[in-house]
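Summary of structural features
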Amino acid sequence: MKDIKKYLAEGVLIVFSVLFALFINKLFDDYKTNESKTIAIESIRKELHRNAGILKNWKEQHIEVRNRITDILEGRNDSLKTELLKYEFLNLGVLTNNKSLIDAILTSTAWESAKSTGIISEFDFETTQKLTHVYSMQELITEVTIAKIIDYYFEASTHKMENIDRVLVQFQLRFWELTGQEELMTDLYKQAINQ
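Residues numbered from 1 in each chain as written. Predicted model: local features only at pLDDT ≥ 70, side-chain atom pairs only at ≥ 80, totals over all residues. Heavy atoms only, no water.

So, on to the packing of helix α2 (residues 78–85) against helix α6 (residues 164–194). Axis separation between α2 and α6 bottoms out at 12 Å; the angle between their running directions is 110°. Viewed along their axes, α2 and α6 adopt a mutual orientation that is roughly perpendicular. Classified by chirality, the crossing of α6 by α2 is right-handed. Here α2 contributes K81, L84 and L85 to the contact with α6, which in turn contributes I164, D165 and L168. (Axes fitted to C-alpha atoms, helices over the stretch in contact; angles between N-to-C directions. Helix = DSSP H or I, 4+ residues; strand = E, 2+ residues; numbered from the N terminus. Parallel < 35°, antiparallel > 145°, perpendicular 65-115°, else oblique. Left-handed = near helix turned anticlockwise from the far one by under 90°. Contact = heavy atoms within 4.5 Å.)

See the structure below:
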């Protein structure tokens, strides 16, 4: 009977030790996961702030370009049109005031890292949904809308100066679309950062 009590006590002690070790291990894993989640969220927040600053500069510059084109088409800036017609090609520098169309890149490194490491599964649904929307819209602007503007600029027909008014209308429409998306993107950044 003493042996049974002894074995039973040792068995309970072993089970307790194993369960306690598993509990400690789970606490440590949870701590590491929360730490990784916090780092990922902070990295994404910094990336969104950086991108919001870049987008603010883009939007200001693209609105200026859009307004220059509108002024030419509506006859309010004949000197700018005269300047354009001095060249045998469409000199985009005249419309951008000799600035680059895109002077910095919107990044998604922190977001892609969070997805590839799987830590995104720890985010709540609303946060994941908001971030997915933000980065999808960001990709649309950079990969589609800006790409269309650049592709149109490099088409041979764009540089036929006898069609300058038609070409400018096409640019005006594309820049209206771009600045509208940039305005939406500004709001999305604010919402995501606040989230």
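The structure having been displayed, the exposition proceeds.
Any two side chains of opposite charge can pair, so long as their charged atoms come close to each other. Using the criterion set out here, one finds eight salt bridges in the structure. In this structure, E60 and K56 form a salt bridge, with 3.1 Å as the shortest nitrogen-oxygen distance. Of this pair, E60 and K56 both sit in helix α1 (residues 2–73), four residues apart, which is roughly one turn of that helix. Overall, the relative accessible area of 47% leaves K56 in the partly exposed class. With its nearest N and O atoms 2.8 Å apart, the salt bridge here joins D165 to K81. (Salt bridge = Lys/Arg side-chain N within 4 Å of Asp/Glu carboxyl O. Buried < 20%, exposed > 50% of the residue type's maximum accessible area, 1.4 Å probe, protein only.)

Of note, the phi angle at N97 is positive, near 60°, even though the residue is not glycine. Tracing the chain through its elements places N97 in the loop between α3 (92–96) and α4 (109–117). Assessed through its relative accessible area of 44%, N97 is described here as partly exposed. Residue N98 is not a glycine yet carries a positive backbone phi of 60°. If you trace the backbone, N98 turns up in the loop between α3 and α4.

This part is about α4. Of all the positions in α4, only A110, W111 and A114 are classed as buried. All buried residues of α4 fall inside an arc of 100° around its axis, so they share one side. Residues T109 and S116 are exposed on α4 and point more than 90 degrees away from its buried face. Just beyond α4, the residue with positive phi is G118, at close to 85°. (Arc of directions from axis to C-beta.)

A separate point is α1. Over its 72 residues, α1 runs 102 Å from end to end, which matches the ideal 106 Å to within 8%, given 1.5 Å per residue. Phi for G75, located one or two positions after α1, is positive at around 75°. (Expected span 1.5 Å × (residues − 1).)

Let us now look at the side chain of Q138. Structurally, the position occupied by Q138 is in helix α5 (residues 125–153). With sequence-adjacent residues up to four places away left out, Q138 is seen in contact with N51, L106, T107, S108, M185 and Y189.

Let's shift gears to the nonpolar core. Counting 44 residues, the largest nonpolar core has I44, L48 and F171 as the members making the most contacts within it. Of all the elements, α6 adds the most residues to this core, at eleven residues. F171 has contacts with I69, L90, I149, Y152, Y153 and T158, leaving out every residue within four places of it along the chain. (Core = buried A, V, L, I, M, F, W, Y, C linked by side-chain atoms within 4.5 Å.)

The relation between two aromatic rings is expressed through the spacing of the ring centres and the mutual angle of the planes. Taken as a whole, this structure holds four aromatic pairs when the rule is applied. Relative to F171, the ring of Y152 has its centre 5.2 Å away and its plane inclined at 70°; by these criteria the two rings are edge-to-face. One end of the pair, Y152, is in helix α5; the other, F171, is in helix α6, and 19 residues separate them in sequence. Exposure class is identical for Y152 and F171. Each is buried. Judged by centre distance (5.3 Å) and plane angle (75°), the rings of Y153 and F154 are edge-to-face. Given the relative accessible area of 16%, Y153 is considered buried. Looking at F154, the relative accessible area reads 63%, which means it is exposed. Above the ring of W176, the side-chain terminus of R66 is found at 3.8 Å from the ring centroid. The positively charged end of R174 is found above the aromatic ring belonging to Y152, 4.3 Å away from the centroid. (Phe/Tyr/Trp six-rings, centres within 6.5 Å; stacked < 30°, edge-to-face > 60°. Lys NZ or Arg CZ within 6 Å of the ring centre and 35° of its normal.)

Shape descriptors only; they carry no functional weight alone.
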